[in-house]
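Working through the structure, step by step
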Number of protein chains: 4
Amino acid sequence: MSLNTFGHLFRVTTWGESHGPALGCTVDGCPPGVELSEALIQPWLDRRKPGTSKFTTQRREADEVKILSGVFEGVTTGTPIQLMIGNTDQRSKDYGDIARAFRPGHADIAYHLKYGVRDYRGGGRSSARETAARVAAGGVARAALAALVPGLTITGYMMQMGARAIERARFDASQIGENPFWCPDPVMAAEWAEYLDELRLSHNSVGAVIEVVAEGVPPGLGAPLYGKLDSDLAAAMMSINAVKGVEIGEGMASAALTGVENADEMRMGPSGVEYLSNHAGGVLGGISTGQPVVCRFAVKPTSSILTPRRAVSASGEEIDLVTKGRHDPCVGIRAVPVGEAMMACVLLDHLLMDRGQTGGVRGRIG
Amino acid sequence: MSLNTFGHLFRVTTWGESHGPALGCTVDGCPPGVELSEALIQPWLDRRKPGTSKFTTQRREADEVKILSGVFEGVTTGTPIQLMIGNTDQRSKDYGDIARAFRPGHADIAYHLKYGVRDYRGGGRSSARETAARVAAGGVARAALAALVPGLTITGYMMQMGARAIERARFDASQIGENPFWCPDPVMAAEWAEYLDELRLSHNSVGAVIEVVAEGVPPGLGAPLYGKLDSDLAAAMMSINAVKGVEIGEGMASAALTGVENADEMRMGPSGVEYLSNHAGGVLGGISTGQPVVCRFAVKPTSSILTPRRAVSASGEEIDLVTKGRHDPCVGIRAVPVGEAMMACVLLDHLLMDRGQTGGVRGRIG
Amino acid sequence: MSLNTFGHLFRVTTWGESHGPALGCTVDGCPPGVELSEALIQPWLDRRKPGTSKFTTQRREADEVKILSGVFEGVTTGTPIQLMIGNTDQRSKDYGDIARAFRPGHADIAYHLKYGVRDYRGGGRSSARETAARVAAGGVARAALAALVPGLTITGYMMQMGARAIERARFDASQIGENPFWCPDPVMAAEWAEYLDELRLSHNSVGAVIEVVAEGVPPGLGAPLYGKLDSDLAAAMMSINAVKGVEIGEGMASAALTGVENADEMRMGPSGVEYLSNHAGGVLGGISTGQPVVCRFAVKPTSSILTPRRAVSASGEEIDLVTKGRHDPCVGIRAVPVGEAMMACVLLDHLLMDRGQTGGVRGRIG
Amino acid sequence: MSLNTFGHLFRVTTWGESHGPALGCTVDGCPPGVELSEALIQPWLDRRKPGTSKFTTQRREADEVKILSGVFEGVTTGTPIQLMIGNTDQRSKDYGDIARAFRPGHADIAYHLKYGVRDYRGGGRSSARETAARVAAGGVARAALAALVPGLTITGYMMQMGARAIERARFDASQIGENPFWCPDPVMAAEWAEYLDELRLSHNSVGAVIEVVAEGVPPGLGAPLYGKLDSDLAAAMMSINAVKGVEIGEGMASAALTGVENADEMRMGPSGVEYLSNHAGGVLGGISTGQPVVCRFAVKPTSSILTPRRAVSASGEEIDLVTKGRHDPCVGIRAVPVGEAMMACVLLDHLLMDRGQTGGVRGRIG
């Protein structure tokens, strides 16, 4: 079975392959009365789109989104919103070599084994191109969140490339948009540029860690026990292409802490409870506490590289495989806006579970 | 909203609080014709039950499971299986102090904010006691997997306590059941014993990392894109109490690898494809490849400690809180059988999605 | 697969067989803070329980409900509510004859074909005894609705037995509880008593039509297009044992109407829109309008009768089957409280989708 | 909330409004390897499309379907199939009058109350135009069923218009496609033609009853208790625009039968069990028995008529409303292919739950 829908009440169903005519998603369950237009969604897509620097794939896609339903006279109607993005710059001939061969570390072989048939062009359904649909859906979620929870912000950035991590002391949010890596540490951004250039020229690729932080999240979001906020975030982030680990707050490092260290102590401040630390990453018992929600995920290096690797073909031949085509040397870069989009979708979904889609009767007569 | 069901076709709904009369779960979607009895489930529960060593809570619970439905003449009938476990050793008076106070790092405050009312005795619904129901459900999943996929094994162990990690070179699976920590490294087990004793006596607690490995998993399991095998595992593990991070294969460390390093190269062996490494942890594109499925998760230190921490009460008082009661100094220990149970449930669920519950007409006439 | 859960946000999972030790349900998603106790649920169960007149099965069950979780100090906590009802008066030996034979018109053969194994005692899972769990869940739904929508009422009654239908002109709601048939027409109640006595003595059974009306339903409930209020009601009612047809408003009779006749014309009244008729049964486009929601369903005659019928056995023998045991001559009678319970559950479910489970942050600090 | 997805494993998500640029659906969970093309789906759409006789709306739509994903080299890949149908003949200006007025018996007022905003043009989301997407999805389901269950057939027809029902004695399946009413009784077809002409000219409309029969359905389909085959069919049919009643087998008439009459007696025939009647309509205990599955539903008369009806406007004015525009005088006619499509989707969905999406590993290596 395939399951191409995520969310409980705010449900996004994505569709489309890398080299088909188009891809997109149906966004179902968005509250009515939210201002929405293509112009409001497009900027989020522009952040993810390929071909914007030498550090991402050279495929040129405008990633222009069309709204086909669910919006009337500039506002959502509460009915499903269909978002479509055309594919325009496919070069399917690049993929002839892998029609019957399996890239090491790539979904090729798994799709072959499961389905017996696959659209191999550009990775087909397993391509990171699908994440354009997620970012479009995230744009809808952001518009709804802006209307429902003023002041809520979602910020993603890359904090590690290969073994090179940013220094928290140099963290400067204003730098995030100023370099091709969504890097909040300008010193590290420069270092990454040099490093990634080398890697690219040596036909290699590299992994990354992305952090997404949501501030202004109301307390009480999360549906324990199996729709916990952190559990849903973990599923959402792990569903992004190439992600191999997800952390909330201290994450894996929490194993090394003692209970005395890990306690987020509390005092009363002028506007209520104040926490003296945020090891929990804003989630306790699967429910938001009002602190910033902090989620991190690791993206493995792109498996499509120009360095030959030992592989096999569908007919059982042993081959040395070199992957041509246009690939991201660090696919983690473009995962930043995707992670933000998933955060937006999950938060809105949980907000709607607590507050409902309409909040009661909306229309009046007389 | 609360969502107390997990799984797509093999669905487990848990219920119960720490200090209520009982807890349990409904296991729905188990294939018919699987041999099942209380005696087959009980051993898994015995592995998780409290009070078995000085390193776990001293609460004494037999954790005796009763099957109330879904089994007839020793086999499952395909109808829902109700499993009930009595609570017998509650000491609710221990919890009077926290009826109106919130332990730092505990779900107390989040439940209070979300629901406005909570059963504070023993943590109520947020207690790790709920995981008994998961382990019972895992027992059912194991019985079904044994019937459907002979040779499939699931093994969990603790690989890190605090900053002390096992050495892979000393890994000895036969040691796992021989110490109170499910530790495959006997040297480290001894070290942990000493360390945890100290921590316990100094009124502190500590985190841990657990690894669960499934071998003999058929390829093709996983429902991309939003029911990916790894995505469902991430949600399952993150839903366990106190878990803050989940990894598949290389996990967070994959960020530091290059594409050349991370490629799991392939050759043909006598029984088909052989992989020369398993950085992927047995999952590519969200689908199992036939390699061992490797999942790790970090458990934060128990937040209920005897060392005073700064906290607040529901009435807004600033207090110094000491948590009495019987608590695990390293709750990660008892998370090992829970992680195994979640792995079993997720694998069976995906197997059923691919193969169906009955596989077609089961009964014959004449 | 079996699917033993219904509802979107207010989700009820039932379990149990006719002759097992107990049956029950988990009610998940009930809002927190609702007053609830066994005493509040029991009266609804008493309406459905068997053995109260000569017109229902002579099995004697107290149908005493126990709340095992989800309620603390008299109010719901927002966590799953486990309701358990013991089976006490099983006579499994009555069923030896049908262990390997299939009653015409009964689920026996279908369960056999699907699962290959079944608990044949008292119909096992397919027994109408399962509806006790629904009625208990309905009691929870009613308690929540009473808190959330003051003035909402749900009333069920039998309006047809065999070919004998009540006369609308004689409809008297106060009569419903005054006869063993939940009949609002006292003249017809007397006629039914005589007719059913005859049928019973001639080893026969008969069908019925039940109508359930909800008044005071807020407008706006319904999740078009595939969670329409009427669509969910149709599924809910059709899932009750022996139901073969479901109608909303005019129902099947709407086929015979013209558009001029069927229009529910509107005028403005002192408190808003007034409808001059209710052909629609309170639902338009799958959404409640504020008019009474009117739902009817037909229950086929009990298939277990003492008159011999031609049947086959699992080994392929042709037999003449007489069904011993204690059966309802008109199972429709006891379907009345079940229909009411399903209506309550569906309405609450939709109310929560529109308004959310908590309506926002519930707990305050300071 | 809106819920625009139906199905458990074979899931269809529809989107689009009557006067938007397009409408369509995402078909998720279709097994891989099924032959599929636009040419295979289009004939089903041609049966439903408007403007083919004077008895349906005069809106001219080619209803040309485009497959945008999920099919590669002529076969399904197991990934989501996006089907899009353009809207080309909107005349939105016809609807100016109802922008702020509510047609009696129409979804207008319910959408207004629920959402506070609506696309009033052509009924927006509540338009029967949405059913084009269902029919397209049904085409996919039929293609998969043809591959998985050779010999399964699904046949729909109209059996009643107004008070005029066909005579079973004159039933001739070969006639169904030979008249504009999908009528299996040629005498009645002629009568309907005359009657509907009169109604149309007198600015009126009329209801209808449709029957859909599936033959060759394997036994064992149905997921008791809340995904019963008949319960899912009831939800599916009731979700079609204007449907007010659903029946399985004897349906509402089963209320008038005795147990002796209603028993579908059994004998052994050359190929197994033979039933001597089919009062059950092929479903017992919510599970298919192997007999033909028989489902009927009633469609109310079109509410948009040229005869003035008393209504109100959003501002609370009392008006006499005449609905201009192009409307079906008997919308039941075009519901026939829609009912067939829903039957196909429900049957495939249940087949996949029993047998799985892939049936195990599909691809081989070497």
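None of the values given here were measured: they were computed from a predicted structure. (Residues numbered from 1 in each chain as written. Chains lettered and ligands numbered in written order. Predicted model: local features only at pLDDT ≥ 70, side-chain atom pairs only at ≥ 80, totals over all residues. Heavy atoms only, no water.)

**Some words on the UniProt feature "binding site: FMN" (unreviewed entry) in chain A**
Heads up, the rule is: UniProt positions are given in the numbering used here, feature names are shortened, and annotations may be inferred rather than shown by experiment. Burial classification: accessible surface area is computed with a 1.4 Å probe over protein chains only, and a residue below 20% of its type maximum counts as buried, one above 50% as exposed, and the rest as partly exposed. In what follows, residue pairs with any heavy atoms lying within 4.5 Å of each other are defined as contacts. Here a polar contact is taken to be a pair of N or O atoms separated by no more than 3.5 Å, where protein atoms must pair a possible hydrogen donor with a possible acceptor and residues adjacent in sequence count only if both atoms sit in side chains. Secondary structure elements are defined from DSSP: runs of H or I of at least 4 residues count as helices, runs of E of at least 2 residues count as strands, and each element is numbered from the N terminus.
Cross-referencing UniProt, the feature "binding site: FMN" (unreviewed entry) maps to R125, S126, S127, N241, A242, G285, K300, P301, T302, S303, S304 and R326 of chain A in the present numbering. Annotated residues spanning 202 residues; largest pairwise C-alpha distance 43.4 Å, indicating distribution over more than one region. For S126 of chain A, a relative accessible area of 15% translates into the label buried. If near-sequence neighbours (up to four positions away) are discounted, S126 of chain A is found in contact with H106, A107, Y111 and N241 of chain A. A polar contact of 2.8 Å, which involves the side chain of S126 of chain A, links it to the backbone oxygen of G123 of chain A. Considering the arrangement of structural elements, one finds G285 of chain A in the loop between β14 (283-284) and β15 (287-288). Given the relative accessible area of 25%, G285 of chain A is considered partly exposed. Those residues in contact with G285 of chain A that sit more than four places away from it in its chain are P224 and K228 of chain A together with A107 and Y111 of chain B.

**Points about the relation of the copies chain B and chain D**
This is how it is decided: Fitting of the copies onto one another was done by least squares over C-alpha atoms, counting residues only where both copies have pLDDT of at least 70.
Rotating chain B by 180° and translating it 0.0 Å along the rotation axis places it on chain D, where the RMSD comes to 0.0 Å. Here the transformation between the copies is reduced to the relation of a two-fold axis. Closest approach to the rotation axis within chain B is made by the C-alpha atom of G356 of chain B, at a distance of 1.8 Å. When the interface residues of chain B are mapped onto chain D, 100% of them again lie at the interface, so the same face is used by both copies.

**Digging into the sheet that holds strand β3 (residues 22-28) of chain C**
All names here are of chain C. Basically, it comes down to this: Pairing between two strands is assigned when DSSP locates at least 2 bridges connecting them.
Pairing is antiparallel across the open sheet formed by five strands, whose spatial order is β1-β2-β3-β7-β4. The sheet terminates laterally at β1 (5-6) and β4 (65-67), the two strands that pair on one side only. Direction of pairing for β1 relative to strand β2 (residues 11-16): antiparallel, over a ladder of two bridges. Within the sheet, the bridge partner assigned to T5 lies in β2 and is T13.

**With respect to the pattern of salt bridges**
Here is the rule: Throughout this description, the term salt bridge denotes a Lys or Arg side-chain nitrogen within 4 Å of a carboxyl oxygen of Asp or Glu.
Throughout the structure, instances matching the rule amount to 104 salt bridges over all chains. Between R121 of chain B and D119 of chain B there is a salt bridge, with its nearest N and O atoms 2.9 Å apart. A single burial state applies to R121 of chain B and to D119 of chain B, both of which are buried. Measuring nitrogen to oxygen at the nearest pair gives 2.8 Å for the salt bridge that ties R334 of chain B to D328 of chain B. Grouping residues by exposure puts R334 of chain B and D328 of chain B together as buried. Taken together, the shared-partner salt bridges in this structure form one network comprising R48, E61, D63 and R129 of chain A.

**Some points on the relation of the copies chain A and chain B**
Overlay of chain A on chain B (RMSD 0.0 Å): rotation 180°, translation along the axis 0.0 Å. The residues that chain A uses at the interface reappear at the interface of chain B in 100% of cases, marking a shared surface.

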